[in-house]
Amino acid sequence: MGIFEPYRAIGYITSGVPFSVQRLGTETFVTVTVGKSFQIYNCSNLKLMLIGPQLPKNIRALASYRDFTFAAYGTDIAVFKRAHQVANWSRHSAKVNFLLLFGDHILSVDADGNVFIWSFKGIEDNPAPIEHIKLDANFTPTCIMHPDTYLNKVLIGSQEGSLQLWNISAKKKLYEFKGWNSSICSCVSSPALDVTAVGCADGTIHVHNIRYDKEVVTFKHSARGTVTALSFSTDGQPLLASGGSSGVISIWNLEKKRLQSVIREAHESSIISLHFFANEPVLMSSSADNSIKMWIFDTSDGDPRLLRFRSGHSAPPLCIRFYANGRHILSAGQDRAFRLFSVIQDQQSRELSQGHISKRAKKLRMKEEELKLKPVIAFDCGMIFCYMLFYRLNLNENLQTV
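All figures in this text were calculated on a predicted structure; none of them were measured in a lab.

**Things to note about the overall build of the chain**
- A count of helical and extended segments in the chain gives two helices and 35 strands.
- In summary, the chain has a C-alpha radius of gyration of 22 Å against a globular reference of 21 Å for 402 residues, a match within 12%.
- Per-residue burial for the chain yields a buried fraction of 50% across its 402 residues.
- Across the chain, every contact between residues at least 6 apart in sequence was considered, and the portion connecting residues at least 24 apart equals 35%.
- Looking at the chain as shown, the accessible area adds up to about 19,800 Å², and 51% of this sits on carbon and sulfur atoms.
- In the chain, 44 positive and 35 negative side-chain charges are present, and the distance between their average locations comes to 3 Å.

**Quick look at the pattern of salt bridges**
- If you walk through the whole model with that rule in mind, you get six salt bridges.
- Of the charged contacts in the structure, one is a salt bridge between Glu176 and Lys173, with a shortest N-O distance of 3.3 Å.
- For Lys173, a relative accessible area of 31% corresponds to the partly exposed category.
- In this structure, the salt-bridge partner of Arg339 is Glu351, at a minimum N-O distance of 3.6 Å. With Arg339 in strand β31 (residues 338-342) and Glu351 in strand β32 (residues 350-351), this pair connects stretches of sequence that are 12 residues apart.
- By relative accessible area, Glu351 is classed as partly exposed at 28%.
- A cluster of three or more residues bridged by salt bridges with shared partners is formed by Asp136, Lys173 and Glu176.

**Section: the sheet that holds strand β17 (residues 184-189)**
- Reading across from one edge, β17-β18-β19-β20 is the order of the four strands in this open sheet, with antiparallel pairing throughout. Because the sheet does not close on itself, it has two edges, and the strands there are β17 and β20 (214-220). Averaged over neighbouring strand pairs, the angle between their axes works out to 20 degrees when direction is ignored.
- Two elements, strand β18 (residues 195-200) and strand β19 (residues 204-209), share five bridges in a ladder whose sense is antiparallel. By the bridge assignment for β19, Ala197 is matched with Val207.

What counts and what doesn't
Residues numbered from 1 in each chain as written. Predicted model: local features only at pLDDT ≥ 70, side-chain atom pairs only at ≥ 80, totals over all residues. Heavy atoms only, no water. Helix = DSSP H or I, 4+ residues; strand = E, 2+ residues; numbered from the N terminus. Rg over C-alpha atoms; globule rule 2.2 N^0.38 Å. Buried < 20%, exposed > 50% of the residue type's maximum accessible area, 1.4 Å probe, protein only. Contact = heavy atoms within 4.5 Å. Areas by Shrake-Rupley, 256 points an atom, 1.4 Å probe, with all protein chains shown as cover. Lys, Arg positive; Asp, Glu negative; His and termini not counted. Charge placed at Lys NZ, Arg CZ, Asp CG, Glu CD. Salt bridge = Lys/Arg side-chain N within 4 Å of Asp/Glu carboxyl O. Pairing = 2+ DSSP bridges. Axes fitted to C-alpha atoms, helices over the stretch in contact; angles between N-to-C directions.

Quick look at the structure:
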């Protein structure tokens, strides 16, 4: 590594790319993207375990399997074993939008509807894909998933609103679902055989039996925007979690076929990923607001509560200062937050300006945004005290110092 080369980003938790969760032994890990690199966290405490090297372009899709991480950037796919790149797959002519782990293979889907199948057994000796599928010209893929127990089959959603079931071994389209006259944004397999959930741009969620092409139940997101992420609970509770473009997470009861609870202002931006941990009442969410959060369902009323989280600025910083002989960085951002970032131990980073205001907001029946401090426009610091200058949005008020 030469001088002035990018090494790592401080305070960058995750970007707008869905995360990848995998279990190794008794531990569960989540891989997230941070611009041109990736990071791996241990889900038991959200401790940063590994930082990947910088790629030439921003990562567009992720997949992980044991010690391997697959990162799509531009038209290429980089393969890493832990933090060391072992291969670079180049066959796409358009940008790769999706990666799907499929047994001992990786499926990559680009913007032009090309699906390549790669084997990661003997990666160094096999730089070429083993199969290629070309989707229909009037079919723009928006999501891809593997229905449980469906051997060699994948379900692909489209911007046009239809879904297609493909046998990737025979390279044959088996069936096309007409859809619901709305773009499909997310789809996920359920613990029940033959049943999947499909999220649409119009805010509807369709729980559908793909074996008989029959609707099981439909939920409406109402004013919560596009359905951007879905996840089924596998711990025995009949729950479906859905995330919207408004940052709200909705929990649906599949037995009673109704809305059970809503996590309002779960995130400050669109929900990117949702994942229920296997056989646990814990839901993980990530968002474009630069945060990862874990929610646990252990209350008497069934509502989830925040278990742990990692977050950084959700808007660009306005001013920063080194602190404590360079071991920490103090930062004030346009998101009305004042944060401390540790250069040495990432888990020591935290927000200083305000505590957890969600409980206060709920008690006062106010939005969290209304309780936050005004944006910091300047500050200075010493080992004994920190001097900050806040900007009042009301022009009739003077600048206030604390």
